[in-house]
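Chain by chain, the residues run as shown.
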Amino acid sequence: MLFGTTNYVNDHLTIGGVPVPYLAEKYGTPLFIYDVALMRQQMRAFKEVFTKRKLAHRVIYASKAFCSTAMYQLLQQEQLGCDVVSGGELYAALAAGMDPAMMEFHGNNKSKAELTAAVTAGIGKIVVDNFHEIELLNQVLAEQQTTQEVLFRIAPGVTAETHDYILTGQQDSKFGFDVASGQAEEALVQLLHSPRIKIQGIHFHIGSQIFAATGYEKALERTFNLLTKWRSKFGFTARIVNIGGGFGVRYTENDNPNTPVQLMTQITDTFVQHVQEQHYPLPEIWIEPGRSIVAEAGTTVYQVGSSKHIPGIRQYISVDGGMGDNIRPALYDATYNFVPVELTNEHNLAPQTIRITGKYCESGDILQKSITLPHLAPGDLIAMQSTGAYGYSMASSYNNNPRPAVVFVEDGQDHLVIRRETYADLTRLNIPLPNETQSQGKVGVTDNVRI
Ligand SMILES: *Cc1c(COP(=O)(O)O)cnc(C)c1O
């Protein structure tokens, strides 16, 4: 299962026209490689669903899936918006030149400082999540003597089929105003009575890695029922309906082959149907894909190191990364596919069933519990596929292993977009104790370590 521009050329895995062994040699391993053409293709395909139907829309990339300066530049080239969920993401997106008008601010516990930063930056929409936030936002707007456009997030009370930790639309969730208990309506009333808050529409996000349209369709049905009720009760008309993200991608051959765009097409048809049936003034449809734009475009390359054979039990193969660059297998039981980087005769002869583990000091540092692959020897490179979402963005420097480098490839060109962390980076935030320790021969504090 090879995605986008990934293929084998002269028995070398090649992405965006650049041989992976060359990239591994140039930038080291572990290495994240992103196929830029595939990301552009996904972004354009989402837009096309709406342009074909002449629907006013906005495609807003969810920064948390993977963001970097280069990623924000790519979004600008393709005229996508982005969401941010923290002051840090806001800072990074603005620093990379994103137009604040094309941005949204999400989150269930935005601080007053974060809200102030977003408002003063001129952020397009704040997606209000809870009553405390309405109060904070009103304070901020009064202090700043300004107004702010918002959407408000409801928990529509639907359960999509995915991992519990990535479910977000059910009633028992920390996100959004609960519909069933009337909190959503109460929130609407408060927002309508907040003179500095300009409410533009509604938002839901039901979860992540979802393949079936049913969850979205149910949420849309509930949303349009509410909107119709609120239109007659309060004279409120939503100009924007934001249906969030969560469109599923393929990690392994077992995943549903429906593409995010096929799913989106089905959801969009339902959206239009509700608008027509309820005679609701056609709102803009906004979506927030994260994973579906970057996941399949990302490949992690590791170098094989040690191995351990336990007779009658299993063969372990360890690679030079692991849970520090990809926590998803440990956190969500996520599974991935691996392919060899170089095809040799020796590889073809002896497939092995192995467990692939990382180099971190945790038994749970397993990248793949069981997979059958051509024989691998120390020094060989292997590629883990579909790692573009929630890989680097969740990376840590646990065990003081530096976070990997990230490279973008397109049309035979490679661009380093995040450099590999150095050992010096790892201690950059450390502050030594005052002098006593240093008088005994500068214990632990020296800047001439060379490794
Ligand atoms: C995480 C998130 C998304 C993106 O989800 P994906 O599964 O990456 O598409 C979109 N909207 C909100 C509010 C989110 O929290």
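Please read all numbers here as calculations on a predicted model, not as lab measurements.

Caption draft 1: A look at the environment of A45. Mapping A45 onto the fold places it in helix α2 (residues 36-52). The exposure class assigned to A45 is partly exposed, which follows from its relative accessible area of 23%. Taking C-alpha positions, A45 is 37 Å from T344, a pair spaced 299 residues apart along the chain.

Caption draft 2: Here's a closer look at unusual backbone geometry. The omega torsion across T29 and P30 is -10 degrees, close enough to zero to call that bond cis. The residue P30 is located in the loop between α1 (20-27) and β4 (31-35) in this model. Although it is not a glycine, N10 adopts a positive phi angle of roughly 50 degrees. Among the structural elements, N10 can be located in the loop between β1 (7-9) and β2 (12-15). Using a relative accessible area of 69% as the deciding quantity, one classes N10 as exposed. The backbone of N400 shows a phi angle near 50 degrees, a positive value even though the residue is not glycine.

Caption draft 3: Spatial organisation of the site of the ligand. The local shell around the ligand holds 14 residues, among which K64, S208, E288, R291 and Y390 are the closest. At 2.8 Å, a backbone N or O of G246 approaches an oxygen atom of the ligand. Y390 places a polar side-chain atom, nitrogen or oxygen, 2.6 Å from an oxygen atom of the ligand. Contact with the protein chains covers 93% of the free accessible surface of the ligand, which is 380 Å². Residue classes in the shell around the ligand are distributed as 3 nonpolar, 7 polar and 4 charged.

Caption draft 4: Quick peek at the packing of aromatic side chains. Scanning the entire structure with this criterion turns up 14 aromatic pairs. Both rings, one in F224 and one in F271, keep their centres 5.4 Å apart while their planes meet at 80 degrees; by these two values the pair is edge-to-face. Of this pair, F224 sits in helix α8 (residues 214-234) while F271 sits in helix α9 (residues 260-277), and the two are 47 residues apart along the sequence. Taking the relative accessible area as the measure of exposure, F271 reaches 0% and is therefore buried.

Caption draft 5: Region of interest: the nonpolar core. Within the largest apolar cluster, 104 residues are counted, with the highest numbers of intra-cluster contacts made by M39, F66, M71, I126, F152, V294 and F408. Split by domain, the residues of this core number at least three in each of domain 1 (7-30 + 298-387 + 404-420) and domain 2 (35-291). Dropping the residues within four chain positions of it, F408 is found in contact with Y34, V36, M39, F66, A70, M71, L74, Q413, D414, H415 and V417. Residues I15, V20, A405 and V407 belong to the second largest nonpolar core, which totals 17 residues.

Caption draft 6: Spatial organisation of the pairing of strand β14 (residues 298-310). Pairing of β4 with β14, which is carried by 4 bridges, proceeds in the antiparallel orientation. Each bridged residue has a counterpart across the sheet, and for L31 the counterpart in β14 is V301. Relative to strand β19 (residues 381-385), β14 is paired through 5 bridges, and the arrangement is antiparallel. Following the sheet pairing, Q303 is matched in β19 by L381. Between β14 and strand β15 (residues 314-319), which pair antiparallel one after the other, the connecting turn spans 3 residues, and G312 there sits at a positive phi close to 80 degrees.

Caption draft 7: Spatial organisation of the domain arrangement of the chain. Split by domain assignment, the chain resolves into domain 1 (7-30 + 298-387 + 404-420) and domain 2 (35-291). Relative placement of domain 1 and domain 2: their C-alpha centres are 34 Å apart. For the domain 1 and domain 2 pair, buried surface summed over both sides reaches about 1300 Å², with 63% attributable to carbon and sulfur atoms. The largest contributions to the domain 1 side of the interface with domain 2 come from Y332, F408 and E410, which together make up 40% of the buried area. At the boundary of domain 1 with domain 2, the tally comes to 1 salt bridge. Our count for the contact surface shared by domain 1 and domain 2 stands at 4 residue pairs in polar contact (both at pLDDT 80 or more). Elements with a contribution of two residues or more to the side of domain 1 that touches domain 2: α11 (328-332), β20 (405-410) and β21 (413-418). When its residues are assigned to classes, the side of domain 1 that touches domain 2 shows 9 nonpolar, 3 polar and 2 charged.

Caption draft 8: Up close: empty space enclosed by the protein. Per the counting criterion, the structure on display carries 2 cavities of 30 Å³ or more. Computed from the structure, the largest cavity encloses a volume of approximately 50 Å³. Forming the boundary of the largest cavity are F3, T6, D35, L38, E296, A297, G298, T299, Q385 and S386. Partitioning the lining of the largest cavity into residue classes produces 3 nonpolar, 5 polar and 2 charged.

Caption draft 9: Highlighting the UniProt feature "modified residue: N6-(pyridoxal phosphate)lysine" (unreviewed entry) in the chain. Under the feature "modified residue: N6-(pyridoxal phosphate)lysine" (unreviewed entry), the UniProt entry names K64. Along the chain, K64 falls in the loop between β5 (57-62) and α3 (69-77). A relative accessible area of 37% places K64 in the partly exposed class.

Caption draft 10: Fine view of the pairing of strand β8 (residues 125-128). Every second residue of β8 is oriented toward a common face, with K125 and V127 on one face and I126 and V128 on the other, all of them buried. In terms of strand pairing, strand β7 (residues 103-105) meets β8 through 2 bridges, oriented parallel. The partner of F105 across the bridge, within β8, is I126. Note on the crossover from β7 through helix α5 (residues 112-121) to β8: the handedness is right-handed. In this sheet, strand β9 (residues 148-155) lies alongside β8 in parallel orientation, the contact comprising 3 bridges. Paired with V128 across the bridge in β9 is F152. Taken together, β8, helix α6 (residues 131-144) and β9 constitute a β-α-β crossover, and its handedness is right-handed.

Rules behind the numbers
- Residues numbered from 1 in each chain as written.
- Predicted model: local features only at pLDDT ≥ 70, side-chain atom pairs only at ≥ 80, totals over all residues.
- Heavy atoms only, no water.
- Helix = DSSP H or I, 4+ residues; strand = E, 2+ residues; numbered from the N terminus.
- Buried < 20%, exposed > 50% of the residue type's maximum accessible area, 1.4 Å probe, protein only.
- Near = heavy atom within 4 Å.
- Polar contact = N/O pair within 3.5 Å; in protein donor to acceptor, adjacent residues only side chain to side chain.
- Areas by Shrake-Rupley, 256 points an atom, 1.4 Å probe, with all protein chains shown as cover.
- Nonpolar A, V, L, I, M, F, W, Y, C, P; charged D, E, K, R; others polar.
- Phe/Tyr/Trp six-rings, centres within 6.5 Å; stacked < 30°, edge-to-face > 60°.
- Core = buried A, V, L, I, M, F, W, Y, C linked by side-chain atoms within 4.5 Å.
- Domains from an automatic or database assignment.
- Contact = heavy atoms within 4.5 Å.
- Pairing = 2+ DSSP bridges.
- Buried area = accessible area lost by both parts, 1.4 Å probe.
- Salt bridge = Lys/Arg side-chain N within 4 Å of Asp/Glu carboxyl O.
- 1 Å grid on protein atoms, 1.4 Å probe; cavity = no way out; pocket = protein on both sides within 12 Å on 5 of 7 lines; lining within 4 Å.
- Points joined across faces, edges and corners; volume = space filled by probe spheres on them.
- UniProt positions renumbered as here; feature names shortened; annotations may be inferred.
- Right-handed = clockwise from strand over helix to strand, strands pointing away.

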